[in-house]
Amino acid sequence: MGAGIPGTGMATLFYLVCAVLMPLRELVLTLQGRSSWARWRLVCRHLLLALAMGGSAVATFWFLPRAVLPPDLTIGGVSSLAVTVVLFVAYLVVANLVAVLVPRSVQLPTPKLPTPKLPATQLPATQLPATQLPATQLAGTQLLPTQLPTARAADPVGVDLTGVDLTGVDLTGVRRDVDGPALPLATIDLTDVPADSLESAV
Amino acid sequence: MRHDIGGTVTAIVPAYNEAEHIADTVRSLQEQVRPPDQIIVVDDHSDDGTGPIAAGLGATVLRPLSNTGSKAGAQNFALDHVTTDYVMVLDADTTLAADAIEKTMPAFEDERVAAACGFVVPRQVRSIWERGRYVEYLFALGFHKQVQDYYGRPLISSGCFSVYRTGPLRQAGGWGQRTMAEDMDLTWTLYELGYRVRFVPEAVSYPVEPNDLSLMRKQLKRWSHAFFQNARVHWRGLVTMPYLFSAVAVGLSDAILASVVLLALLPVLAVLVSPLFLLGYVIDLPVVAVPVLVVGARRGELVRAATSIPAFFVLRVVNACLLLKALVLEVFLRRPLTVYEKGH
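Residues numbered from 1 in each chain as written. Chains lettered and ligands numbered in written order. Predicted model: local features only at pLDDT ≥ 70, side-chain atom pairs only at ≥ 80, totals over all residues. Heavy atoms only, no water.

1. Looking at the overall build of chain A
(1) Moving on: Along the backbone of chain A there are three helices and eight strands.
(2) Moving on: In sequence order, chain A lays out its α and β elements as α-α-β-β-α-β-β-β-β-β-β.
(3) Moving on: Surface exposure of chain A reaches about 12200 Å², of which carbon and sulfur atoms provide 67%. (Helix = DSSP H or I, 4+ residues; strand = E, 2+ residues; numbered from the N terminus. Areas by Shrake-Rupley, 256 points an atom, 1.4 Å probe, with all protein chains shown as cover.)

Listed below in structure tokens is the structure:
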């Protein structure tokens, strides 16, 4: 998904500033005929969110010194909040200066050719409609409901692997359902699958 | 209102030992309002019966002759078999809201859009790690990513659920294996090729998140290393895109400065000056709480969001540790992470 520490430091400040600038950008787009009510609704929503977040930050910095922190929380006589804002602006300026100074020639990664067709083992799909397969069954063994959070144990229709050698398959946590009813099972046809390609599978 | 975007869709589900989750994942694809035309599960040499389970549910199961070594490898393997206009990827432990694909496809009305991703909410929110991740998603996807999308530059088209146009995806060379985060690599490559990426918050996916520290550490380690790897691989391309460059720059600053503050500065000040400096660990609680509670309330999960907020601050400290370690290893010691370690 991503990396970083949301909620701290410059990133949140950056997005707050971006959200506050949204209406200005949208105004320009409106004048150019490239906006819509839906876009304005989005802009207003994020602006309100940003203002609420900014307001909560200001309230925190107002409240804390009065309630718990020593009143002289300053750096060189300047408010620490002001120092943070100045550092943030300076950082963005320097970062974008770097962007301007670096040569614009983009070195794109060399696109690789599509992956060569590798031989694969393809397990043919069963013909049963999906709606008839609410749960999964392995040849007389049934996955515990706790392993399939949304599986409906009451109507277990599944996969019959009768005749398939399951030697080597790790069935840890799977138990044989000795009391289960006889089930109309879908079948995986492994007839045409080369035996050697299945060696490590089953 | 249903938007019908012409074109066919193949869903690729890379899977390694996902017997516990693969059935739910395949079923959630089959039960979509706009189901994919083909479902390919890449059984990357699982030894727990993942392939047969998926095949039994009607999916096409491909099994490479040997383990591909990474999620990107498995996805590329399947890409060669794709003949549809669009490709979607879905993690094997992720399910979709029934309308997720339907909600995502209108993003492709703009022909310049090559990829679109959706909102992510952990399927289970029980352990402290899942709760921390839940808050992180509500905060980052409910505010940061929507702002990024407004400016046309979502930072990542998330690897757990994204839809791509097949042509641009192939033009980009598929999913790169040079970094540990194929989704970030591909997103930035698409930008460099001149395409657009969209974030569709209405399309919701539900991955299973790490529920203990060991799994969470593996996942965060991979993400942290991948962030620095991608910044290094793409920095020349990034500087041509001012907004994305600024977003990455402030992200890097947080990764470094905030980590130093959380792990070194605050403890030292708390010991040497005043214990009150420990408040620094939660000083941004109000700023975090506002979007989390707003988004949580909109989802009807206000109580869950409110009670999960403390876990976010725990997860953040762990994240800071791994980010600093990744920084040292990747940037200073030049010891990049090269082994893809599954951590959900």
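There's more to say after this.
2. Points about the overall build of chain B
(1) Moving on: Of the regular secondary structure elements, chain B holds eleven helices and eight strands.
(2) Moving on: Here the C-alpha atoms of chain B give a radius of gyration of 20 Å, agreeing with the 20 Å that 2.2 N^0.38 yields for 344 residues.
(3) Moving on: Taken along its principal axes, the extent of the C-alpha atoms in chain B is 65 × 45 × 40 Å.
(4) Moving on: Out of the 344 residues belonging to chain B, those deemed buried represent 65%.
(5) Moving on: By sequence separation, contacts in chain B at least 24 residues apart represent 79% of the contacts at least 6 residues apart.
(6) Moving on: Accessible area of chain B: about 11300 Å², with a carbon and sulfur share of 59%. (Rg over C-alpha atoms; globule rule 2.2 N^0.38 Å. Buried < 20%, exposed > 50% of the residue type's maximum accessible area, 1.4 Å probe, protein only. Contact = heavy atoms within 4.5 Å.)

3. Topic: the state of the cysteines
(1) Moving on: A complete count under the given rule lists zero disulfides over all chains for this structure.
(2) Moving on: With no disulfide partner, C44 of chain A has as its closest neighbouring cysteine sulfur the one in C18 of chain A, 17 Å distant. (Disulfide = S-S within 2.5 Å.)

4. Here's the deal with the packing of helix α9 (residues 242-272) of chain B against helix α11 (residues 302-332) of chain B
Residue and element names in this part refer to chain B.
(1) Moving on: Close contact between α9 and α11 brings their axes to 9 Å; oriented N to C, the two are set at 120 degrees. The angle between α9 and α11 places the two elements in the oblique class. Crossing of α9 over α11 shows left-handed handedness. For the pair α9 and α11, contact is made by A255, I256, S259, V260, L262 and L263 and by R316, V317, A320, C321, L323, L324 and L327, respectively. (Axes fitted to C-alpha atoms, helices over the stretch in contact; angles between N-to-C directions. Parallel < 35°, antiparallel > 145°, perpendicular 65-115°, else oblique. Left-handed = near helix turned anticlockwise from the far one by under 90°.)

5. Observations concerning helix α1 (residues 22-30) of chain B
All names here are of chain B.
(1) Moving on: Among the nine residues in α1, eight count as buried, and that is most of the element.
(2) Moving on: Among the residues of α1, I22, A23, D24, T25, V26, R27, S28 and L29 are the ones counted as buried.
(3) Moving on: Where α1 is buried, its residues meet β1 (9-15), β2 (38-43), α2 (50-56), β4 (86-90), β5 (94-96) and α4 (100-104).

6. A look at the pairing of β1 of chain B
Residues and elements named next belong to chain B.
(1) Moving on: Most of β1 is tucked away: seven of the seven residues are buried.
(2) Moving on: What you see with β1 is no split at all: V9, A11, V13 and A15 on one side and T10, I12 and P14 on the other are buried throughout.
(3) Moving on: Across four bridges, the pairing between β1 and β4 is parallel. Directly across from I12, in β4, lies its bridge partner V89. (Pairing = 2+ DSSP bridges.)

7. So, the pairing of β2 of chain B
All names here are of chain B.
(1) Moving on: The element β2 is extensively covered by neighbouring structure, given that five of its six residues are classed as buried.
(2) Moving on: Handedness of the crossover joining β1 and β2 through α1 is recorded here as right-handed.
(3) Moving on: Here β2 runs beside strand β3 (residues 60-64); their pairing, made up of three bridges, is parallel. Looking at the pairing, V41 lines up with V61 of β3.
(4) Moving on: The parallel pair β2 and β3 is bridged by α2, and the resulting crossover is right-handed. (Right-handed = clockwise from strand over helix to strand, strands pointing away.)

8. Observations concerning the packing of aromatic side chains
(1) Moving on: This structure, assessed with the given rule, holds nine aromatic pairs over all chains.
(2) Moving on: Grouping aromatic residues by their ring pairs yields a cluster made of F14 and Y15 of chain A together with Y150, Y151 and Y243 of chain B.
(3) Moving on: Across the ring face of Y191 of chain B, the terminal group of R153 of chain B is positioned such that the distance to the ring centre comes to 4.8 Å.
(4) Moving on: Its guanidinium or amino end placed over the ring of Y134 of chain B, R304 of chain B lies 5.8 Å from that ring's centre, counting from NZ or CZ. (Phe/Tyr/Trp six-rings, centres within 6.5 Å; stacked < 30°, edge-to-face > 60°. Lys NZ or Arg CZ within 6 Å of the ring centre and 35° of its normal.)

9. What to know about α11 of chain B
Residue and element names in this part refer to chain B.
(1) Moving on: The end-to-end C-alpha distance of α11 is 43 Å, a good match for the 45 Å that 31 residues give at a rise of 1.5 Å each.
(2) Moving on: Largest kink in α11: about 40 degrees, centred on I309, with the proline P310 one to four residues after it.
(3) Moving on: Following α11 by one or two positions, R334 has its phi on the positive side, about 55 degrees. (Expected span 1.5 Å × (residues − 1). Bend = angle between axes of the 7 residues up to and from the residue.)

10. What about the confidence of the model for chain B?
(1) Moving on: In this model, chain B carries an average pLDDT of 93, and 98% of its residues clear a pLDDT of 70 or more.
(2) Moving on: Interface confidence for the predicted complex, given as ipTM, is 0.89, next to a pTM of 0.77. (pLDDT = per-residue confidence, 0-100.)

11. Brief notes about the pattern of salt bridges
Pairing is possible between side chains of opposite charge, provided their charged atoms come close.
Residues and elements named next belong to chain B.
(1) Moving on: Overall, the coordinates contain 17 salt bridges over all chains when judged by the stated rule.
(2) Moving on: R178 is the salt-bridge partner of D185, the closest N and O atoms lying 2.8 Å from each other.
(3) Moving on: Under the relative-accessibility criterion, D185 is labelled buried at 1%.
(4) Moving on: For R178, a relative accessible area of 39% translates into the label partly exposed. (Salt bridge = Lys/Arg side-chain N within 4 Å of Asp/Glu carboxyl O.)

12. Some remarks on the packing of helix α7 (residues 182-192) of chain B against helix α8 (residues 213-238) of chain B
Residues and elements named next belong to chain B.
(1) Moving on: The N-to-C vectors of α7 and α8 enclose an angle of 5 degrees; their axes lie 10 Å apart at closest approach. As the angle between them shows, α7 and α8 are arranged roughly parallel. Here α7 contributes M184, D185, W188, T189 and E192 to the contact with α8, which in turn contributes A226, F227, N230, A231, H234, G237 and L238.
(2) Moving on: In the contact of α7 with α8, the residues fall into six nonpolar, four polar and two charged. (Nonpolar A, V, L, I, M, F, W, Y, C, P; charged D, E, K, R; others polar.)

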